[in-house]
Amino acid sequence: MASPLTLNDDRLLPPDPGTRGIARRIYATTRELPIISPHGHVPPRWIALDEHFGNPARLLITPDHYINRVLHANGVELSELGVGRGEEMTEADNRRAFRLLCEHWTDLNGTAMRYWLTDQLVGIFGVRVRPAAETADAIYDTIAARLDEPGFRPRRLMDAFRIRFLATTDDPCDDLGMHAEIAADEEFSARHRVVPTFRPDRYLEPARPDWNELVDALGGAAGVDVGTLDGYTRAMAERRRYFKEHGAVSSDHSHADLGTLILPADEAARLYDRARRGLATADEALALRRHLFTDQARMACEDGLVMTVHPAVARNHDADALARYGADVGGDIPLALEATRALGPLLNAYGNHPGLHLVLFTLDEDVYSREFAPLAAWYRSVHLGVPWWFVDAPESIMRFKRGVTEMAGFSRISGMVDDTRAFCSIPARHDMSRRLDAAHLADLVATHRLDEDEAIEQAGALVVDNQVRIFKLDR
Amino acid sequence: MASPLTLNDDRLLPPDPGTRGIARRIYATTRELPIISPHGHVPPRWIALDEHFGNPARLLITPDHYINRVLHANGVELSELGVGRGEEMTEADNRRAFRLLCEHWTDLNGTAMRYWLTDQLVGIFGVRVRPAAETADAIYDTIAARLDEPGFRPRRLMDAFRIRFLATTDDPCDDLGMHAEIAADEEFSARHRVVPTFRPDRYLEPARPDWNELVDALGGAAGVDVGTLDGYTRAMAERRRYFKEHGAVSSDHSHADLGTLILPADEAARLYDRARRGLATADEALALRRHLFTDQARMACEDGLVMTVHPAVARNHDADALARYGADVGGDIPLALEATRALGPLLNAYGNHPGLHLVLFTLDEDVYSREFAPLAAWYRSVHLGVPWWFVDAPESIMRFKRGVTEMAGFSRISGMVDDTRAFCSIPARHDMSRRLDAAHLADLVATHRLDEDEAIEQAGALVVDNQVRIFKLDR
Amino acid sequence: MASPLTLNDDRLLPPDPGTRGIARRIYATTRELPIISPHGHVPPRWIALDEHFGNPARLLITPDHYINRVLHANGVELSELGVGRGEEMTEADNRRAFRLLCEHWTDLNGTAMRYWLTDQLVGIFGVRVRPAAETADAIYDTIAARLDEPGFRPRRLMDAFRIRFLATTDDPCDDLGMHAEIAADEEFSARHRVVPTFRPDRYLEPARPDWNELVDALGGAAGVDVGTLDGYTRAMAERRRYFKEHGAVSSDHSHADLGTLILPADEAARLYDRARRGLATADEALALRRHLFTDQARMACEDGLVMTVHPAVARNHDADALARYGADVGGDIPLALEATRALGPLLNAYGNHPGLHLVLFTLDEDVYSREFAPLAAWYRSVHLGVPWWFVDAPESIMRFKRGVTEMAGFSRISGMVDDTRAFCSIPARHDMSRRLDAAHLADLVATHRLDEDEAIEQAGALVVDNQVRIFKLDR
């Protein structure tokens with residue numbers, strides 16, 4: 001007989017009965033609050049076209065690189081999960097992909113992926129049996145049936161999930177047509193703000209082999225001649241303006257390090273020219289990238305777009321997987337981060353500028369108390385993004401909270417940033433975050449560092465007020 | 001109606017009732033022990049002249065860079081808090097500064113600053129309402145009235161706080177007149193040992209623009225010609241002797257890294273000569289600094305002054321704040337630390353010398369178990385300083401205890417080092433430390449790693465015996 | 001009257017009563033399971049000759065560098081503990097060494113060494129009084145009497161300890177005669193598999209002054225001309241084959257960094273030639289070492305030996321202790337570790353090869369969530385070794401579990417690896433590990449991240465299944 005799969009109402013709350021009681025009371029005040037998701041990777045097309053999610057594998061497995069990577073480590077081929085195969089996956093293929101996940105269910109013991117999946121399986125799809133080889137087909141059928149219900153289209157789920165604000169991530173050359181389509185539905189948009197995010201990374205990396213073409217495309221999209229750095233800068237500003245006009249509140253940035261630099265204008269122009277002509281050395285390309293990244297902060301002071309920064313990952317570490325499946329399939333590995341010296345030039349120029357909000361993320365936990373909390377406890381522009389990617393799991397999140405709050409306080413920390421393309425996991429992730437907020441605050445109350453009424457007010461602020469203030473959602 | 005502000009007697013003790021019971025019994029044996037503060041920044045003048053503390057803002061806000069920096073991050077100008085304004089602050093200005101703190105009270109939720117402030121407000125000043133805009137004036141009045149009482153002068157507070165030993169931090173050229181004045185009061189000095197600490201950093205940094213003048217001043221203070229490295233070394237030794245004669249037990253050091261180096265005598269002399277003539281390159285200046293710092297360890301083997309070392313902070317990271325308010329106002333950010341290789345030359349020369357006590361501090365928590373505990377669990381000179389500055393808060397302190405004790409044991413760890421200039425926070429900080437000692441030890445007892453009688457003995461040793469032994473206070 | 005020394009049956013289980021109850025039930029299912037020790041330093045001679053352990057000091061102190069180093073830090077000379085003195089230690093000397101340990105018992109408060117010693121003293125030797133100066137002789141007598149009992153020879157203890165698999169660590173030139181002797185006792189070998197481990201470090205370090213002689217010896221042992229790199233490679237492969245033939249399942253590696261590199265064949269041959277002729281520069285020697293280390297992975301893909309990798313320790317940091325007592329007496333200090341970039345070349349070549357199992361260890365805890373868990377959650381060859389050496393203590397082990405499991409799951413983590421030469425501590429170490437597994441899993445159950453039946457199954461898998469699978473013990 002299959003084992004039951006359940007969701008306990010007290011999950012993630014502290015085991016000590018007294019502290020758990022406090023945590024329950026705090027969590028009760030935030031669990032029904034709307035979701036504000038200021039950074040993520042949901043394709044706007046899903047919402048614009050209100051697309052059917054297809055099938056359980058395509059919804060829960062194929063696009064989720066968290067799950068892909070753990071299954072890969074445990075011997076599954078990405079192609080078996082549908083990666084890189086798109087429409088060629090048959091019903092049998094999808095069932096098989098789903099069965100592979102179920103067969104590897106115990107390999108997910110103790111992971112965040114299992115926590116989110118359980119929340120979705122039980123909470124959204126009404127699954128009641130534990131995934132395993134022998135239950136895989138039945139679970140697949142249960143989910144598939146739900147996906148055919150009208151309530152399981154993206155727009156209706158946005159309602160059900162109480163997602164009030166959702167930012168996607170978009171290329172600077174994107175015409176944002178999907179966003180325009182969403183905005184055109186005034187009835188829907190009144191309840192749900194779906195906005196683009198300006199993600200210019202590729203255009204800031206002169207060392208990329210395709211950089212010149214990208215810059216040309218940028219110039220084309222902006223209608224600006226990018227033959228000189230001045231032109232390039234005007235094109236960037238124009239595309240930022242276009243994004244802002246379409247609702248964007250932030251730009252998102254991810255480079256291999258946090259290095260910043262403000263080159264003298266003529267030196268910057270010279271390096272740009274050399275890079276455009278394919279002559280830049282590796283050092284020059286790096287200096288130019290740091291300069292261009294820092295220049296985004298200058299523009300942010302002017303146009304007010306918030307900057308989220310996700311640095312220090314070695315992308316596509318597994319060259320063979322890159323060759324076979326392309327980028328972003330899971331073979332990324334974090335790197336050590338240095339922020340104090342790297343951010344010096346940027347912060348000295350713009351660190352206390354009222355127009356700039358910088359939200360910093362890290363995958364290097366040592367940085368929490370060593371650099372991030374002290375930076376956020378001095379510079380007015382610096383805010384701390386909550387744990388991201390490899391560290392967005394319960395224990396890691398608690399380490400983050402305990403690592404930065406004592407110096408920086410809660411006011412310098414963003415609310416939940418889910419950073420996900422797994423649409424149905426969004427409520428599970430935000431709920432997890434609220435439970436952990438409650439657990440952390442309950443511990444402060446139980447050890448008499450905060451009164452319970454203060455903790456309750458703080459919990460609400462983390463879910464709503466901090467998001468609105470830090471991401472400037474009231475403008 | 002204003003919310004009450006209270007101090008719970010169980011604050012910081014573990015929530016689990018069984019463990020809390022053990023912790024209470026341990027803490028009960030240490031809470032009334034005298035305070036031994038072997039390193040801090042209280043101006044000796046306050047005690048020598050037994051000065052009135054002025055007003056609540058000047059006491060609690062203006063000189064406290066922990067509070068300044070968090071308020072700065074949250075939009076307050078340092079000048080509004082009195083920084084750099086001294087006597088020009090009017091009563092209205094001070095009230096306004098105090099109100100700013102109260103208005104930002106919730107920005108301090110979860111921080112160590114709030115914990116210490118609450119302890120002071122309730123425990124020392126009898127404040128009973130939570131700080132907020134509407135209670136600010138009343139709280140100001142309550143504190144101001146107390147400050148006018150004769151019991152609130154520094155010397156009477158030293159009695160009330162049970163501070164038995166207090167080390168200040170002093171420039172090598174200081175004539176230590178204030179300390180002489182304190183020592184001259186035999187009745188006071190019988191109950192309170194107030195001693196200077198030798199802080200030669202600036203004189204060891206040949207890259208400083210003012211280094212030559214500083215060295216000249218050092219020579220003048222010592223009555224020694226500093227034209228050669230030999231002279232400089234004799235001047236240093238002479239000033240160390242002078243400090244020791246005035247009661248000093250330690251020297252304090254803080255450079256951007258922990259690098260040590262013993263140059264061949266002639267090479268050191270050559271670099272000194274070049275540095276004095278303004279010809280030293282950056283590399284030469286760095287090598288000379290490392291050599292001169294290491295030479296302090298050699299002298300310490302001879303004269304027995306304990307060395308406390310607080311490395312790896314990027315000082316005055318915010319150049320604009322430095323220009324407007326000067327150094328040490330808060331714009332300092334920690335750096336990653338490497339100790340194993342950096343300390344090699346020093347430890348190979350003096351690491352097991354019976355005369356040397358080296359007390360190492362770090363702001364890079366990764367170093368706790370990776371380098372500090374192993375170093376202290378081998379070299380006889382190496383002792384571990386408790387968490388300092390950005391990490392001297394409850395969660396961080398528990399991480400430190402759990403990170404180093406398992407390898408190094410308690411005997412290699414200093415007792416509480418408050419490192420503060422916030423005079424009235426000293427009892428709160430030491431009390432916090434004793435509560436956390438109790439929490440840590442209670443957990444060891446509750447998990448049967450230590451018997452309760454052993455834990456009680458260990459708790460007392462951390463407060464008194466370790467301090468006396470490591471800082472050589474019995475000599 | 002001497003204080004009692006006891007072993008509480010609930011030691012290391014979580015204090016919260018509800019969670020403790022769960023942990024007890026989990027632990028009850030693993031406490032009696034056999035010990036599988038896939039990497040350690042027990043001399044095979046002890047088992048081959050079934051030697052008497054000599055005396056309490058020689059058993060518990062002299063060879064244990066954990067204890068030596070803490071006593072050294074607290075002022076004891078290594079020679080007083082018998083280090084480097086061998087047979088010259090008299091009965092009085094051994095008693096004195098043992099008394100030194102007892103006198104320093106409180107210096108071990110809170111350390112893992114004390115935990116293991118208590119477990120051995122009470123659990124194996126029936127000691128019932130706390131070690132101290134006045135109880136030292138009686139405890140010595142109690143242990144000495146036990147050592148004379150026939151049940152206290154290594155082979156009978158292997159039975160009593162339920163050690164089913166034990167790997168030693170051996171030089172590539174070793175003839176493995178002791179292992180042959182053990183294997184020859186078929187009755188014993190049916191119950192206990194004792195196997196060698198191939199440890200080629202010294203032969204991979206062209207910068208060593210004795211490298212040429214070592215390589216010559218390797219060639220001699222293999223019967224292969226090592227005049228060229230090809231010959232050297234054949235000699236290595238031959239010695240690996242010889243070890244495998246004698247039961248080895250793994251090779252063990254420890255260099256100062258994790259750097260890997262695959263040089264073009266002719267460049268590698270050229271560097272080998274230069275190194276053999278004593279002409280290699282430091283950079284060349286480093287490149288060659290990284291190439292040769294990476295080549296062990298290539299061979300592992302072919303012959304299937306598991307690679308355990310223990311990187312980043314500054315060996316013999318204390319040059320004086322090295323000169324007086326030789327290597328491996330305790331003066332080793334960890335270094336920061338970088339894995340993502342360092343392992344790139346190796347993982348790109350062999351990272352998903354079905355023949356390769358790489359078990360990575362670290363002393364730099366920051367690496368847990370930053371690099372190790374992500375690597376193990378992608379590459380099929382990468383498995384995570386449990387905390388090792390300075391971090392193999394309860395709090396550190398819990399940090400490891402909480403740091404890697406959320407991303408990598410339990411399936412990528414080895415079971416207990418004791419890495420010890422302290423024979424009698426092996427059961428204490430494995431029991432500690434099982435208790436901490438139970439504590440960790442109980443917390444997952446208490447916070448509803450795992451069901452209790454799943455936790456129980458997982459606990460058993462960590463002790464047996466993961467070991468068998470990761471170290472290929474079923475082949």
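Remember, it's a predicted structure, so these values are computed and weren't measured experimentally.

Any chance you could explain the overall build of chain A here in plain terms?
A count of helical and extended segments in chain A gives 20 helices and nine strands. The principal-axis extent of the C-alpha atoms belonging to chain A is close to 75 × 60 × 45 Å. The buried share of chain A, taken over its 475 residues, is 65%. Across chain A, the fraction of contacts at a sequence separation of at least 24, relative to all contacts at a separation of at least 6, is 77%. For chain A, the accessible area works out to roughly 15,700 Å², and carbon and sulfur atoms hold 51% of it. The averaged location of the 73 negative side-chain charges in chain A is 2 Å from the averaged location of its 55 positive side-chain charges.

Explanation requested: the relation of the copies chain B and chain C in the structure shown.
Superposition of the two copies of the chain requires a rotation about an axis and a shift along the axis. Expressed as a screw transformation, the operator carrying chain B onto chain C has a rotation angle of 120° and an axial translation of 0.0 Å, and the superposed copies differ by an RMSD of 0.0 Å. Viewed as a symmetry operation, the transformation between the two copies matches a three-fold axis. Interface overlap between copies is the fraction of interface residues in one copy that are interface residues in the other; for chain B against chain C it is only 5%, indicating separate surfaces.

Would you mind going over the pattern of salt bridges with me for this structure?
Should their charged atoms come close, side chains of opposite charge can pair. Across all of its chains, the model carries 165 salt bridges over all chains by this definition. Residue Glu-149 of chain B is joined to Arg-146 of chain B by a salt bridge in which the shortest nitrogen-to-oxygen separation is 3.5 Å. Its relative accessible area of 34% is what places Glu-149 of chain B among the partly exposed residues. A salt bridge links Asp-216 of chain B to Arg-276 of chain B, with the nearest nitrogen and oxygen atoms 2.6 Å apart. Taken as a pair, Asp-216 of chain B in helix α11 (residues 211-222) and Arg-276 of chain B in helix α13 (residues 265-276) lie far apart in primary sequence, 60 residues in all. Three or more residues joined by partner-sharing salt bridges are found here, namely Glu-91, Arg-95, Arg-99, Asp-137 and Asp-141 of chain A.

Would you explain the domain arrangement of chain A in this entry?
Reports often express the size of an interface as the amount of accessible area lost when the parts come together. All names here are of chain A. By the assigned domains, chain A splits into domain 1 (53-152) and domain 2 (161-470). Distance from the C-alpha centre of domain 1 to the C-alpha centre of domain 2: 30 Å. Every contact between the two is made by 19 residues of domain 1 and, on the other side, 22 residues of domain 2. For the domain 1 and domain 2 pair, buried surface summed over both sides reaches about 1,900 Å², with 63% attributable to carbon and sulfur atoms. On the domain 1 side of the interface with domain 2, the three residues burying the most area are His-65, Arg-69 and Trp-116, jointly 32% of the side's total. Scanning the region where domain 1 abuts domain 2 turns up one salt bridge. Across the pair Arg-324 and Glu-77 runs a salt bridge, and its minimum N-O distance is 2.8 Å. Between the two partners, domain 1 and domain 2, sit seven residue pairs in polar contact (both at pLDDT 80 or more). For the side of domain 1 that touches domain 2, the secondary structure elements donating two or more residues are α4 (65-73) and α6 (112-123). In terms of residue count, α6 provides more of the side of domain 1 that touches domain 2 than any other element does, five residues in total. Its residues assigned to classes, the side of domain 1 that touches domain 2 shows 11 nonpolar, four polar and four charged.

Where do I start with the packing of aromatic side chains in this structure?
For any two aromatic rings, the description comes down to two numbers: the centre-to-centre distance and the angle of the planes. Within this structure, the stated rule accounts for 41 aromatic pairs over all chains. Relative to Trp-389 of chain A, the ring of Trp-388 of chain A has its centre 5.7 Å away and its plane inclined at 55°; by these criteria the two rings are tilted. Owing to a relative accessible area of 7%, Trp-389 of chain A belongs among the buried residues under this scheme. Through a chain of ring-to-ring contacts, the aromatic side chains of Trp-46, Phe-53, Phe-161 and Phe-423 of chain A assemble into a single cluster. We note Arg-429 of chain A situated over the ring of Tyr-66 of chain A; from NZ or CZ to the ring centre the distance is 5.2 Å. Note that Arg-239 of chain C overlies the ring of Tyr-242 of chain C, its terminal NZ or CZ placed 4.3 Å from the centroid.

When you look at the nonpolar core in this model, what are you seeing that I'm missing?
Soluble globular proteins tend to pack their nonpolar side chains together in the buried interior. If you look at the biggest cluster of nonpolar residues, it comprises 366 residues, and the most contacted ones within it are Phe-423 of chain A, Phe-423 of chain B together with Phe-423 of chain C. Setting aside residues up to four positions removed in sequence, Phe-423 of chain C forms contacts with Val-42, Trp-46, Phe-53, Pro-154, Leu-157, Met-158, Phe-161 and Ile-163 of chain C.

Can you walk me through the packing of helix α18 (residues 394-408) of chain A against helix α18 (residues 394-408) of chain B in this structure?
Look at α18 of chain A against α18 of chain B: their axes get within 8 Å of each other, and the N-to-C directions meet at 130°. By the angle between their axes, α18 of chain A is oblique relative to α18 of chain B. Only Pro-394, Glu-395, Ser-396 and Arg-399 of chain B of α18 of chain B make contact with α18 of chain A, whose side of the interface consists of Arg-402, Gly-403 and Glu-406 of chain A. Taken together, the residues of the contact of α18 of chain A with α18 of chain B sort by class into one nonpolar, two polar and four charged.

What is the right way to look at the interface of chain B and chain C in this model?
Counting from both sides, the interface comprises 41 residues of chain B and, opposite them, 58 residues of chain C. Note on chain B versus chain C: buried area summed over both sides is about 3,900 Å², and carbon and sulfur give 49% of it. Among the residues of chain B in contact with chain C, Trp-378, Arg-380 and Glu-406 of chain B are the three that bury the most area, contributing 21% of the side total. One can count eight salt bridges joining chain B with chain C. Between Glu-77 of chain C and Arg-380 of chain B there is a salt bridge; the shortest N-O distance is 3.1 Å. At the junction of chain B and chain C, the tally comes to 32 residue pairs in polar contact (both at pLDDT 80 or more).

Even after reading the chapter, I still don't get the sheet that holds strand β4 (residues 250-253) of chain B, so can you show me in this structure?
Pairing between the strands of a sheet comes from backbone hydrogen bonds, and it takes one of two forms, parallel or antiparallel. Residue and element names in this part refer to chain B. Taken in spatial order, the four strands line up as β4-β5-β8-β9 in an open sheet, and their pairing is parallel. Two strands bound the open sheet, and with one partner strand each, they are β4 and β9 (382-384). Strand-to-strand, the axes of this sheet are offset by a mean angle of 25°, without reference to chain direction. Here four bridges tie β4 to strand β5 (residues 306-309), and the two strands are oriented parallel to one another.

Sorry, what's going on with the sheet that holds strand β9 (residues 382-384) of chain A here?
All names here are of chain A. Strand order in the open sheet made by the four strands is β4-β5-β8-β9, with parallel pairing throughout. Single-partner strands in this sheet number two, and they are β4 (250-253) and β9. Neighbouring strand axes in the sheet, compared pairwise and without regard to direction, differ in orientation by 25° on average. Pairing of strand β8 (residues 358-360) with β9, which is carried by three bridges, proceeds in the parallel orientation.

Looking at this model, I keep getting lost on the interface of chain C and chain A. Mind explaining?
Of the residues lining the interface, 41 residues belong to chain C; the matching set on chain A comes to 58 residues. Here chain C meets chain A over a buried area of about 3,900 Å², counting both sides, of which 49% is carbon and sulfur. Per-residue buried area on chain C facing chain A is highest for Trp-378, Arg-380 and Glu-406 of chain C; these three make up 22% of the total on that side. Applying the counting rule to chain C against chain A returns eight salt bridges. Across the pair Glu-454 of chain C and Arg-114 of chain A runs a salt bridge, and its minimum N-O distance is 2.8 Å. Here chain C and chain A share 32 residue pairs in polar contact (both at pLDDT 80 or more) between them. For the side of chain C that touches chain A, the secondary structure elements donating two or more residues are α16 (344-350), α17 (367-376), α18 (394-408), α19 (426-446) and α20 (452-470) of chain C.

Just to check I follow, could you spell out the environment of Glu-181 of chain A for this structure?
Residues and elements named next belong to chain A. Among the secondary structure elements, Glu-181 is positioned in helix α9 (residues 177-184). The partly exposed category is assigned to Glu-181, whose relative accessible area is 44%. Among all residues touching Glu-181, those that are not within four sequence positions of it are Ala-48 and Leu-49.

How should the packing of helix α13 (residues 265-276) of chain C against helix α14 (residues 282-303) of chain C be read in this particular structure?
Two measures define how a pair of helices packs: the angle their axes make with one another and the distance between the axes. Residue and element names in this part refer to chain C. Packing of α13 against α14 brings their axes to within 10 Å, and their N-to-C directions diverge by 120°. As judged from the angle between their axes, α13 and α14 are oblique. Both α13 and α14 take part in a crossing whose hand is left-handed. Residue-level inspection shows Ala-268, Arg-270, Leu-271, Tyr-272, Arg-274 and Ala-275 of α13 in contact with α14, the latter providing Glu-284, Ala-287, Leu-288 and His-291. Residues that form the contact of α13 with α14 fall into these classes: six nonpolar, one polar and three charged.

Reading the values: the criteria
- Residues numbered from 1 in each chain as written.
- Chains lettered and ligands numbered in written order.
- Predicted model: local features only at pLDDT ≥ 70, side-chain atom pairs only at ≥ 80, totals over all residues.
- Heavy atoms only, no water.
- Helix = DSSP H or I, 4+ residues; strand = E, 2+ residues; numbered from the N terminus.
- Buried < 20%, exposed > 50% of the residue type's maximum accessible area, 1.4 Å probe, protein only.
- Contact = heavy atoms within 4.5 Å.
- Areas by Shrake-Rupley, 256 points an atom, 1.4 Å probe, with all protein chains shown as cover.
- Lys, Arg positive; Asp, Glu negative; His and termini not counted.
- Charge placed at Lys NZ, Arg CZ, Asp CG, Glu CD.
- Least-squares fit on C-alpha atoms with pLDDT ≥ 70 in both.
- Salt bridge = Lys/Arg side-chain N within 4 Å of Asp/Glu carboxyl O.
- Domains from an automatic or database assignment.
- Buried area = accessible area lost by both parts, 1.4 Å probe.
- Polar contact = N/O pair within 3.5 Å; in protein donor to acceptor, adjacent residues only side chain to side chain.
- Nonpolar A, V, L, I, M, F, W, Y, C, P; charged D, E, K, R; others polar.
- Phe/Tyr/Trp six-rings, centres within 6.5 Å; stacked < 30°, edge-to-face > 60°.
- Lys NZ or Arg CZ within 6 Å of the ring centre and 35° of its normal.
- Core = buried A, V, L, I, M, F, W, Y, C linked by side-chain atoms within 4.5 Å.
- Axes fitted to C-alpha atoms, helices over the stretch in contact; angles between N-to-C directions.
- Parallel < 35°, antiparallel > 145°, perpendicular 65-115°, else oblique.
- Pairing = 2+ DSSP bridges.
- Left-handed = near helix turned anticlockwise from the far one by under 90°.

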